[in-house]
Structures are given as C-alpha cells and as structure tokens.
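# Observations on the model geometry
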Amino acid sequence: MTRGFVTAEEVAKKAGVSRSAVSRTFTPGGSVSKAVRRKVLKAAHELGYRVNRLAQGLNNDRSNLIGVVGANLSSPFISKQLDLLSIGLLRRGLQCLLLNAADARKDIAPLIELLFEFRAQAIIVLSGEPPASIVDECIANGVRLILINRLLDRTDTNMVLSDDSHGADLAATRLVEAKCRKVAVVSSGSQTPAQLRRAGAFTQRMSIEGIEVVPWSGGSTSYDSGYQAGCELLVDKTIDGAFCVNDLLALGFMDAARLEMGRRVPEDVSIVGFDDIPQAGWKSYQLTTVAQSFDALTEKVLTALDSDEPETRLQVVPVAMVERITAR
C-alpha cells in the first residue's frame with residue numbers, strides 16, 4: 001500500500017521542534033536559530049521531506065507558477081519557444097504550468113480561469129485571444145497577462161509582437177528581386193492574427209509592384225497543409241513564386257513542388273517562408289526565410305514579467321531576411 005508524501009508535521013516530530021519552526025526553516029528569510037535549523041534539515045533529509053511549494057504559494061496568496069496557454073504545441077516554432085521560455089523561467093526560480101488550448105482555441109477563458117485557481121502570478125498566452133472580461137479579472141487580481149503575437153485594443157495588457165508587416169515586406173522585396181510575375185501567398189485555415197498581418201502586408205506590397213497574387217488558405221498550420229497548397233496551386237504553371245506565412249507551410253509547399261509537381265526550386269518557383277524554425281536550415285531544405293529571433297522573443301517576454309509597470313508595454317521583435325537557396 002503506497003503512502004503519501006512526508007509531511008512537515010512528521011519532520012517536526014522527528015526533529016523535536018514545532019511545526020512552525022519547520023515552516024520557518026524552509027521559508028527564505030525565515031527566523032530560526034542555527035541549532036533548530038540543523039535539527040530540521042537533518043530530520044528532513046532522513047525522512048526524504050520535500051517542501052510543498054504549491055501549498056506554500058497558496059498560503060502566500062501567490063505561487064511561483066507562470067501559466068502558459070498554447071495550442072499546436074507540436075509546431076517547431078511553438079516547441080522551440082516553449083523550450084527557451086521554460087528554461088528562462090526556471091533560471092528565475094519560477095515554474096511553467098502549461099495548458100494545451102488545442103480544444104479551446106475559440107474560447108480560452110476556462111483555461112485562464114483554471115490558472116487563477118492555482119494562484120499563477122502571471123499568464124502567458126501563445127494561442128487564442130482572451131475575452132475582455134478575463135483581461136479585467138487578471139488586472140483585478142494582480143495577475144500579469146502577456147500576449148505573444150496577439151494585438152488587443154487595450155491600454156492595460158502586455159504584448160510581444162514580431163514585426164510581421166516589415167517581415168512580409170522583406171519577403172515581397174525578395175520575390176520582386178527574383179523577378180517573379182505571379183506569386184502565391186499561403187496561409188492555414190486557422191487565420192491567426194500573425195498570419196493575417198503577414199498575408200495582408202505581403203499582398204499590399206505586391207499590389208503596389210503590379211504583381212499578381214494568388215491567395216490560398218486551408219487546413220491546420222502544418223506541413224501537410226503546405227503540401228496540399230503546393231499540389232493545388234502549382235497546377236498553374238505561371239505561378240513562379242510563393243510566400244508562405246510560416247516555415248512549416250513553406251517546407252510542405254517546397255516538397256510538393258519538387259516531388260509532386262515537377263517544379264525546380266528556385267529555378268521554376270522561388271519560395272520564401274517566415275520564422276526561421278530549426279528545420280528551415282536543414283540541408284534538404286535550405287529555406288530562404290524571414291527570421292524572428294527566438295532569443296529576443298524570450299527575452300522580451302521575461303522583461304515583461306520582471307516589469308513593475310502597470311501600463312501596457314508593446315514590445316516588437318525585430319526580423320531579418322535569412323538568405324539560403326530557395327529564391328532566385
């Protein structure tokens with residue numbers, strides 16, 4: 001029969017001290033004599049006691065938990081982002097509580113409400129858009145809310161955005177330089193705010209240049225959707241360029257061009273992506289893409305966590321063209 005975790009009461013009994021002495025021993029800055037501290041630590045070691053940080057946080061009306069809400073967690077961009085973010089939080093003595101919003105992308109309010117119950121000190125939203133009532137509740141409870149690549153018309157929310165419009169303009173410039181005359185712009189059916197900003201800015205620039213744009217959107221934000229787009233669009237032999245609003249779509253589009261449609265990349269069709277995920281640099285792809293720095297994105301989120309300012313802080317992650325071999 002299994003038993004539960006060793007309790008502070010058991011440590012106190014073994015050490016011959018009070019329960020409050022055990023609590024003070026494991027509380028940073030707690031007042032306890034050296035002799036009592038030695039007794040408590042010795043008893044805790046012998047019993048295998050571990051502090052209940054969750055209960056400690058509840059007693060203090062705030063835990064060291066940072067709630068992270070995100071969908072499409074298998075996406076290389078999201079997984080890389082989570083990797084760096086979780087490391088950054090641990091280095092600050094904070095813990096990452098991840099909630100998968102895959103089944104709640106149209107309404108993430110219940111997930112954020114759950115994080116309130118864990119007394120999370122801050123909530124980072126990677127996917128979905130919190131309703132105004134939830135934003136108000138975060139503010140009322142002193143919970144910092146940080147939105148990544150979500151732009152709300154509020155004056156009391158922290159937002160971190162990639163410079164999507166500039167990035168899309170860089171992609172358009174590159175395809176103009178490749179002398180493309182008819183280009184596809186590929187996005188997924190999820191139509192996230194970032195995708196809409198990128199596709200819109202790209203289309204606007206191409207219109208100014210007098211270059212025909214063929215839009216395509218459908219499916220999830222995945223390699224398979226990019227592959228489908230390539231198979232459907234490249235039936236039109238006059239399409240000689242493509243801007244995919246993220247790299248995963250671009251990799252699928254490229255494979256469809258080369259493996260299904262008999263189109264050479266970049267000789268027959270130039271392809272530009274966005275994000276610069278690790279796979280974009282793989283030898284079999286060498287994708288020309290617009291990069292947003294993962295390190296810069298992480299640092300800006302952590303800066304928002306550290307800030308004591310109550311006002312909105314809109315931080316923009318700069319982007320840059322990464323030249324490889326998929327554009328003429």
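Within any chain, residue numbers begin from 1 and follow the written order of that chain's sequence. In keeping with the model being predicted, local features are shown solely for residues with a pLDDT of at least 70 and side-chain atom pairs are shown and tallied solely at 80 or more, while totals for entire chains, interfaces and linings include all residues. Heavy atoms from the whole structure form the basis of all side-chain values; hydrogens and water molecules are not counted.

Criterion for a salt bridge: a side-chain nitrogen of Lys or Arg within 4 Å of a carboxyl oxygen of Asp or Glu. Summed over all chains, the structure comprises 16 salt bridges. For Asp164, the salt bridge identified is with Arg197, shortest N-O distance 2.8 Å. Taken together, the residues Asp164 in helix α8 (residues 164-177) and Arg197 in helix α9 (residues 193-209) connect sequence positions 33 residues apart. Here Arg205 ties to Glu209 by a salt bridge, and the two come within 3.0 Å at their closest N and O atoms. A residue pair is termed a helical-turn pair when its members lie 3 or 4 positions apart in one helix, as Arg205 and Glu209 do in helix α9 at four residues. In this text, helices come from DSSP runs of H or I with a minimum length of four residues, and strands from runs of E with a minimum of two, each type numbered from the N-terminal end.

In this section: the nonpolar core. Counting residues in hydrophobic clusters, the biggest one holds 68 residues, and the most contacted among them are Ile124, Phe202, Leu233, Phe243 and Phe253. The leading source of residues in this core is helix α11 (residues 247-260), at seven residues. Setting aside its immediate chain neighbours within four residues, Phe253 contacts Val186, Gly226, Tyr227, Ala229, Gly230, Leu233, Leu234, Ala242, Cys244 and Ile271. To qualify as a nonpolar core, a set must consist of buried Ala, Val, Leu, Ile, Met, Phe, Trp, Tyr and Cys residues joined through side-chain atoms within 4.5 Å. For every residue, the accessible area (1.4 Å probe, protein chains only) is compared with the maximum for its type, and the residue is labelled buried under 20%, exposed over 50%, or partly exposed between those bounds. The next biggest cluster of nonpolar side chains, apart from the first, holds 21 residues, and it includes Ala101, Leu115, Val135 and Leu145. Any two residues whose heavy atoms approach within 4.5 Å at even a single point are treated as in contact.

This paragraph deals with the environment of Phe253. Tracing the chain through its elements places Phe253 in helix α11. Along the chain, Phe253 and Ser86 lie 167 residues apart, while their C-alpha atoms are 31 Å from each other.

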